[in-house]
Structures are given as structure tokens and as C-alpha cells.
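In case you want the letters, here they are:
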Amino acid sequence: MTAHTNLAARTGPATAAGPTKITLPVVGMTCASCVGRVERALVGVQGVSGANVNLATERAEITINEAVDRDALVNAIEDAGYEVPGQKLELAVEGMTCASCVGRVEKALLSVPGVTSASVNLASEHASVSGGASLTEAALVAAIASAGYQAHATSAGADGEAQAARKQVEQSALARDVSIAALLTSPVFVLEMGSHLIPAIHILVMNSIGMQESWYLQFALTTLVLFWPGLRFYRTGLPALAKGAPDMNSLVAVGTLAAWSYSVVATFTPQVLPAGTVNVYFEAAAVIVTLILIGRYLEARAKGRTSEAIKRLVGLQPKTVRVQRDGKSVEIPLADIVTGDLVDVRPGERVAVDGEIVEGSSFVDQSMITGEPVPVEKAAGDTIVGGTVNQTGALTFRATAVGADTTLAQIIRMVEEAQGSKLPIQALVDRVTLWFVPAVMAVAALTFVVWAIFGPDPAITFALVNAVAVLIIACPCAMGLATPTSIMVGTGRGAEMGVLFRKGEALQSLMGARVVAFDKTGTLTAGRPVLTDLETVDGFASNDVLALLAAVEARSEHPIARAIVQAAQEQRLELPDVTGFQSLTGFGIRALADGRRVEIGADRFMESLGLDVSPFAATAAHLAEDGKSPLYAAIDGQLAAIIAVADPIKQTTPDAIKALHDLGLKVAMITGDNRRTAEAIARRLNIDHVVAEVLPDGKVSAVRELKLAHGGLAFVGDGINDAPALAEADVGIAIGTGTDIAIEVADVVLMSGSLMGVPNAIALSKATIRNIRQNLFWAFAYNTALIPVAAGVLYPTFGLLLSPVLAAGAMAMSSVFVLGNALRLKRFSAPGIDAKPLKGHPRDSEGTNLL
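This is a predicted model, so every value here is computed, not measured.

**Q** Got a sec to walk through the packing of aromatic side chains? Specific residues and values, please.
**A** Scanning the model with the defined rule gives 12 aromatic pairs in all. Their ring planes at 25° and their centres at 6.2 Å tell us that phenylalanine 219 and tryptophan 260 sit as a pair that is stacked. Taken together, the positions of phenylalanine 219 in helix H7 (residues 211-227) and tryptophan 260 in helix H9 (residues 248-268) put the pair 41 residues apart, joining distant regions of the chain. Overall, the relative accessible area of 17% leaves tryptophan 260 in the buried class. Where tryptophan 778 meets phenylalanine 817, the ring centres are 4.5 Å apart and the plane angle is 35°; that geometry is what we call tilted. On the criterion of sequence distance, the pair formed by tryptophan 778 in helix H28 (residues 757-791) and phenylalanine 817 in helix H30 (residues 804-823) is long-range, its members being 39 residues apart. The exposure class of tryptophan 778 is partly exposed, given its relative accessible area of 32%. On the accessibility criterion, phenylalanine 817 (39% relative accessible area) is partly exposed. Clustering of aromatic rings is evident, with ring pairs tying together Tyr216, Phe219, Phe227, Tyr234, Trp260, Phe268 and Phe282.

Now the structure itself:
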């Protein structure tokens, strides 16, 4: 996998506080003269004291000694004939509580000059911003601050521990506030609601402290609840309301302050209220704040669980690593390792970075990276991946990729980018929620006016209670969390299964696939020829024949020859000496092996030797049905064996195709092989449609034709020649064992070579989108149904009103329901997830390979 290059110039604005360095990416340079032109152009900008341009890294490091506009630097480079590419910046955003917050932050970011797109994720509390080279993080942070939120610069995977610590502090603060609020609210609830519901409590209160004194006590306790643990709602909600951009906190602040203020007037100056309207609602204000705090706490706990996949991936990296320095083995922090270091790994230890083994052999458990359940044998010359676990032997390997370039770092980056993306299904949510809170406040105001004018006595009391209920019931938290939480959990679960969604949009697109098209070589098959058949006549032993054939074929460079030699090596056969090797064009080869004459070739070669191949007629017919071309071997002038070399079908391919059919999908194969071979493989695998004998550029046309015939199409491939077809498909799925180019073009990457990842990815896509739709239905149905109820539409017919306290409880539970529903995806198990593990290999309780 190639490292993703972030071209963001992560520097703040130029200042005049002493010499400052600014780094900008520059593309289009081809030689040293280009470097000179760019450097001269930059030095010509007023305020620039020096410029150093690196052709290899394509970066310009500019030293300035006074304030310089970044746009001036970019313009100077562009005027010289080169380009400063756009950048993508990541920000952590604090203070968002609902979907309308997301809309306001995005609107603020899009107002910054140079920003081309902005995507804000409520669940992960991150903003991803794309824009021109002159864009600065400081400008983005300032824009977010002007909208009433806090932000700071970050990068994918760079601040995971800091963010986790911040979330833990936030969760602890919420737990403390919930405890305080509950402790203070309980007496208020008992004094007021207990008196209404239980006559004995009413008598006790009246005979002990009296009604007025009870109200004084409720006032004191409720005031503490609102302006101690509940102060967070007013600190955020009231300024947002003053700016004309109300959010969920504004709804809570206005609703509880209205109930509290009315109760204060009724308690201390009852004479200003109309007769019959002197009532207190301290318990409503206190219970609302307490219930919403409980909901926030449960929400924070659930949010933390949505990103567990990322935490586990980050946890795969050891904190320290043992390297060889100056002839000694020393332990250093992981961050200090550099490319080329020799790293020692003991049995049971986790591999720190990617590398190539130079000494030792062992079995390595790669399940946490690839999803493959069986440890893989590794020896000198083999590659090794950071995050995997060494099993039995000691290894020494040379680090080939460290830091952000390791496979594990790229996996983390892919998962984070997918989790932060927005699906097309969320477009409606974004449009609705931006205006939702102002609309709710208008409905609440209208509710108050209608009840105040047309309601029964005491009209003001009814008007207040119902308006507060509308404000509290209508929080759009559930709407904002419905999509991103499902994406986070779904993509995280996919990473645990070895399925990486490089683009979150692929989750939705994959669900719409009607046909899955596979490249053959290296995708459906192993991608390398092996000896598949060897049948001998009586009087010849298989191993003896194979040793003689391999000895002769070892002199040939043909792929078929290599397959025969490899088969002999795998059986640890001793190969005899060979003399007199001859290659007969169009027929075959001959030589003397251990003094015996060996001749290998097609049937026409045997016929030219006067040998009858009819004893193998049935075997040859069977091989032909499988699309294999038989070869024959003669030893000392006698027909000895029939052999076949072919590219074998992967072990998981039949199960994967069956699973796709079970999902109701058509399966197609696109290959450059001859039609007979392709159709033979299609018959064996029950493939629905075959496109054979196509050149690499013909794959794109084949993909287009299949899309026209069947609809949505996913293409699965692994090679460089598959990249155009992967890009043309609605969803491109790359085999992680394939080429870097194929992986970079694809929307989904299968970390192992197992094709069971394809039906697993599609099944996960369907499950995630189904989960999102459930969440959105709940969020919208909840608000659509309960806002009119809170406004009192059922009162004229049924005499029913919704208490603000019940509204607060329902609102808090709606967000918890959405998060809980999304977390169900953590238990997702696709039909193919247990694709035939080897007997006795340890698996977790669900039969999946956990990170």
C-alpha cells in the first residue's frame, strides 16, 4: 500500500515576531532549473529572506522576517509556472451537541475564503476541510469560534490519545454533574409531585413546613440545579440565541428558564399574576435539566464505544522497540525508529513497523491486520507488517516503512477518513436540521400565544407548560447522531473483519450493487501457475517422475517449468543432475537426467516420438473440461505421465460466489484468458456471466456494458491493469495483496486475499444503511409525532397534555436509542465471516478475528 500524502501546509499565518518558516507544497518541477526559478520567485516577495526548494520532496521552505500574506507566496509560485496544490485540513471541534450545531459549523467554515468543501461529524467531533494552498488552520479555528464553538488543529491518528483523554474528562464531569443534579432534584420532585400524587405527603408538607416554605426550598434547590450542573446549557445556549443561531442548548435554556422564572414570580410576587394562575414549576425545570444531563452522560459513554475499532488499531502499536545500534541491541521509543534500522522481535512480541526479515524464521499471526485466522510462516526475505504478532521464533528485520508510512498507520487513516465522511443519505438531514431549531422556537411561541388566547383557565399556565414541552421535546440530537454513529461503528466493524472502506460513500453505493464483476487472474485465482495434476502409468512412481521432470524443467524459464520445479521443492525431492538439455520449439524439451532420457511436451511431441497417448484419453478430456492444457512426459522412450499446470482457484472463491448468490447478486468474470478456459472456470464456480479475451482497456467497456445491463456494479481486482475498471465501477474493491495502484483507486480494500471479504463487505453495507434508515426514521418520526402532542393537539379531543418532564425524558432517550441501535453493528456477523478456519485455531466467541 502506498502512503497517502497529505499536502496540507500545516503552518499558521506569517507573523513579524522574528524569522518564521512556512512550508508549501510545489508541483510541476522537473529539474534543478525549476528549483532555481521557484526560489527566485519566492525571494522576490517582500518580507521573504530566504527560500529552500527541494525537488525530491516537492516542498518549498520559506524564511520570512516580517508579515507576509500566504496568497502572495502562492501567487509568486504560480506566476513562475508551477502549482501549489490544494490541501485538506483536519480539526477537532468541541461544544457541538446536535445536528443544527453541525450545520452552523459547516456554514462558518464554508464562509472562509479559499474553502471548497467542509464536512463536520457530530459523532467523532471532527471537521474535514478542503481548500486552496493559502488556507490556514488559524482562519478555520477563528471561523468556528465566531460560530460559538471551540476547535484546534489535528491530523488523522495524531491526537487519538489526547482526544480520548479529553472525552474521559468530559464523561467524568458529566457523571459528577448528574450526581449533583439528581441529589438536589430529588427533594424538589418529592415536595411538589409527591404532594400532588400522594395525599399523605401533601398533609406532611402542610403540617411540617407549609406550602410557602416548601416553595422557598424548591426555589433554592432548583436554582442550584440550574446554575451549577445545568450552567453548561446557559453558557452555550443563550449566546447562540443572541447571535440568532439557536441550538439544542438554546431550547433547554429557554424552556427551563421560562418554567423557573414563572415559578419565581409565583413564589415571591404572586400578586402580579392573574387569579388562579399562581403555580410553581420548579420540579419541571430541575427534572428537565437532570434528565437531559443523564441523556448527555449516556450519549458520551455510547459515543466512546463507537470509536473502539480505532482505539484497538492504535493499540496494536508497541510503545517501544528493540533495535540494533552500534553493534548493541537497545530499546528505544517507537517514534525514534528510522527506515533501515535492524529490529529484533522475540517470540510473543508485536511487530512494531513494516520491514523485511533478514534473520530467523517464525509463524506470524496477521489476523488483526488481514482478518486471516491462520498464522503465516515467515523466513528471511519475507515481508512483515507492523501490528502483527510473532508466534514462535526470534526474528530480525530491516525497517522499510515507519511512522505514517506503515500499513497499520494507513489502515487507521483509511478508517478515520471513512468514519468522518458523509453519505448522500445525510444530505436531507443536513438541510432540515439547520433550520429545525429556529422552526421549533417559532412553534413554541405560537403554542404559547394560542393557549394564552384560546386556552382554558388558567390560560397562562397552560400556555407556559405546553410551550416549554415543545421546546424540550424537539431537540434534534437524534437526527445529528443517526448517520455518523452508524458509519463509525460499521466501518470499524469492517476493519475488524479485514474490510477497509476507503470512502464512507462506498457504504451506501455498495448496498445498491446488483452485479459483482471479478477479474480472474490473482482475484478468483491465485495468480501464479502451479502443478495441479500428475498421473503416471503403471511402473512409474509419482515422486520419481516428478523429480526427473523438475530436474529437466529447472533449465527452462517458462512459467510452467517454474511450477513443476516448485512442486518438487515443496515435496523436498532431490533433483538429479541434467545434461544435454534441448528446447524444441513448438514441441517441448528433452534432456538426460541421472542418465535417463526425459522428454516433456504436448501430444504432438509424443506422437512424433511414436508414443500412443490414448491411455490418458479420459484424463485429458477431464482436464480439457476444466480449461487445462495437458502435457505428457516420456522416460527412456516410454510414455510415463500426463501433467497439467494451471492457475488454481483460490480456496475461498467458491464460498464467496455462493454467498453473493445468496445475497441475490449476479456474478460476472472479466478476463483476458481464452474463452474455453474462462467458460470452464465459470462452470465450476457457477458464474452467471463471462467476458473473455479482453485487453486491459477492454475491461472498462465490459464494466460499462454490465452496468447498463444489470444496474449498480462492484468490480473486484488486484492488478495495475484493473485500476481503470476499478475507477469505472460504481464501487471498486481491491484485494489488499494486489498492487498499490489498484488499492489507491479502489473504494474498498480487502486486507487479505480472501474473497469472502466481498460478500462480507456487501452484507455489512446493507446492514449499516438499514441501521441508518432505522435511526433516521426514529429521529424524524419522534419529532414529527411528539411536537404536535407537546403543543396540545390532543387536548381538545382526549384531554391529554405532555408534561415537560416526560418531554425531557423522551428527548434524552431518543439520542440514547439511536446510539444504542448503531452500536448493534458491533455484533454484525456476515455469512462468510467464518470462512473455513483451520481446525484448532483459536477464535473469539463470535467466530471472528478481533483486532
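Still more ground to cover, so stick around.
**Q** Now, about a nonpolar patch on the surface: what can you tell me, with residues and values included?
**A** A contiguous nonpolar surface patch, about 600 Å² in accessible area, is contributed by Leu446, Phe448, Val449, Val450, Ile453 and Phe454. Along the polypeptide, phenylalanine 454 turns up in helix H14 (residues 427-454).

**Q** An account of the sheet that holds strand S22 (residues 596-601) is needed here, citing residue identities and associated values.
**A** Read across the sheet, six strands follow the order S19-S24-S23-S22-S21-S20 without closing on themselves; strand pairing throughout is antiparallel. Every interior strand has two partners, whereas the edge strands, strand S19 (530-536) and strand S20 (578-584), have only one. Within the sheet, the average angular offset between the axes of one strand and its neighbour, ignoring direction, is 20°. Bridge analysis of S19 against strand S24 (residues 638-646) gives six bridges, and the strand direction is antiparallel. Within S24, the residue paired with leucine 531 across the bridge is valine 645.

**Q** A description of the sheet that holds strand S9 (residues 328-333) should follow, citing residues and the corresponding values.
**A** Reading across the sheet, the six strands line up as S9-S8-S10-S16-S11-S14 and stay open at both edges, with antiparallel pairing between neighbours. Edge strands, defined here as strands with exactly one partner in the open sheet, are S9 and strand S14 (383-384). Judged from the three bridges that link them, strand S8 (residues 320-325) and strand S10 (residues 342-345) form a sheet pairing that is antiparallel. The residue of S10 that forms the bridge with glutamine 324 is leucine 342.

**Q** So, the UniProt feature "transmembrane region" (unreviewed entry) in the protein: which residues are in play, and what are the values?
**A** Summarizing the sequence annotation, UniProt attributes the feature "transmembrane region" (unreviewed entry) to residues 215-231, 251-268, 280-298, 432-454, 460-483, 776-795 and 801-823 in the numbering used throughout. Secondary structure within residues 776-795 divides into 85% helix and 0% strand; the distance between the first and last C-alpha atoms comes to 28 Å.

**Q** Explain helix H22 (residues 617-625) to me, and be specific about the residues and the numbers.
**A** Within H22, burial applies to Thr619, Ala620 and Leu623. Projected down its long axis, H22 carries its buried residues within an arc of 100°, all on one side. Exposed and facing more than 90 degrees away from the buried side of H22 are Ala618 and Glu625. Taken together, the buried residues of H22 touch S19, strand S23 (631-635) and S24.

**Q** Provide a residue-level description of the packing of helix H8 (residues 231-242) against H9, including the pertinent values.
**A** Across the interface, H8 lies against H9 with an axial gap of 7 Å and an inter-helix angle of 100°. By the angle between their axes, H8 is roughly perpendicular relative to H9. Here Phe233, Tyr234, Thr236, Gly237, Leu238, Ala240 and Leu241 of H8 come into contact with H9, specifically with Asn249, Ser250, Val252, Ala253, Val254, Thr256 and Leu257. Residue composition of the contact of H8 with H9, by class: nine nonpolar, five polar and no charged.

**Q** Describe the confidence of the model for the protein, and please don't skip the residues or the numbers.
**A** Residues at a pLDDT of 70 or more form 83% of the protein, whose mean pLDDT is 80. Of all helices and strands in the protein, the one with the weakest mean pLDDT is helix H27 (residues 740-745) (59), whereas S23 scores best (93). Predicted confidence is poor over residues 1-17, with pLDDT under 50, and the contacts of this stretch with residues over four places away or in other chains come to 54 contacts. Confidence drops under a pLDDT of 50 for residues 833-851, and excluding neighbours within four residues, the segment shows 42 contacts in the predicted structure.

**Q** Just give me the short version of the packing of helix H19 (residues 542-553) against helix H20 (residues 559-570), but keep the residues and values in it.
**A** It is at 8 Å that the axes of H19 and H20 come closest, and there the two elements cross at 135°. Put simply, H19 runs oblique to H20. Relative to H20, H19 is oriented so that their crossing is left-handed. When H19 is examined against H20, the residues Leu546, Leu549, Ala550 and Glu553 are found in contact with a partner set consisting of Ala561, Ile564, Val565, Ala567 and Ala568.

**Q** Describe in detail the pairing of strand S11 (residues 354-359), supporting the description with residues and values.
**A** It is a general feature of regular strands that their side chains alternate between the two faces of the sheet. As judged from the five bridges shared by S11 and strand S16 (residues 395-401), these two strands associate in the antiparallel manner. The residue bridging glutamate 356 from the neighbouring strand is arginine 398, located in S16. Pairing analysis gives two bridges linking S11 to S14, with the strands arranged antiparallel. Its bridge partner being in S14, glycine 355 is matched across the sheet by isoleucine 384.

What counts as what
Residues numbered from 1 in each chain as written. Predicted model: local features only at pLDDT ≥ 70, side-chain atom pairs only at ≥ 80, totals over all residues. Heavy atoms only, no water. Phe/Tyr/Trp six-rings, centres within 6.5 Å; stacked < 30°, edge-to-face > 60°. Helix = DSSP H or I, 4+ residues; strand = E, 2+ residues; numbered from the N terminus. Buried < 20%, exposed > 50% of the residue type's maximum accessible area, 1.4 Å probe, protein only. Patch = residues over 30% accessible without salt bridge, like charges linked within 9 Å, V, L, I, M, F, W, Y side chains within 5 Å. Areas by Shrake-Rupley, 256 points an atom, 1.4 Å probe, with all protein chains shown as cover. Salt bridge = Lys/Arg side-chain N within 4 Å of Asp/Glu carboxyl O. Pairing = 2+ DSSP bridges. Axes fitted to C-alpha atoms, helices over the stretch in contact; angles between N-to-C directions. UniProt positions renumbered as here; feature names shortened; annotations may be inferred. Arc of directions from axis to C-beta. Contact = heavy atoms within 4.5 Å. Parallel < 35°, antiparallel > 145°, perpendicular 65-115°, else oblique. Nonpolar A, V, L, I, M, F, W, Y, C, P; charged D, E, K, R; others polar. pLDDT = per-residue confidence, 0-100. Left-handed = near helix turned anticlockwise from the far one by under 90°.

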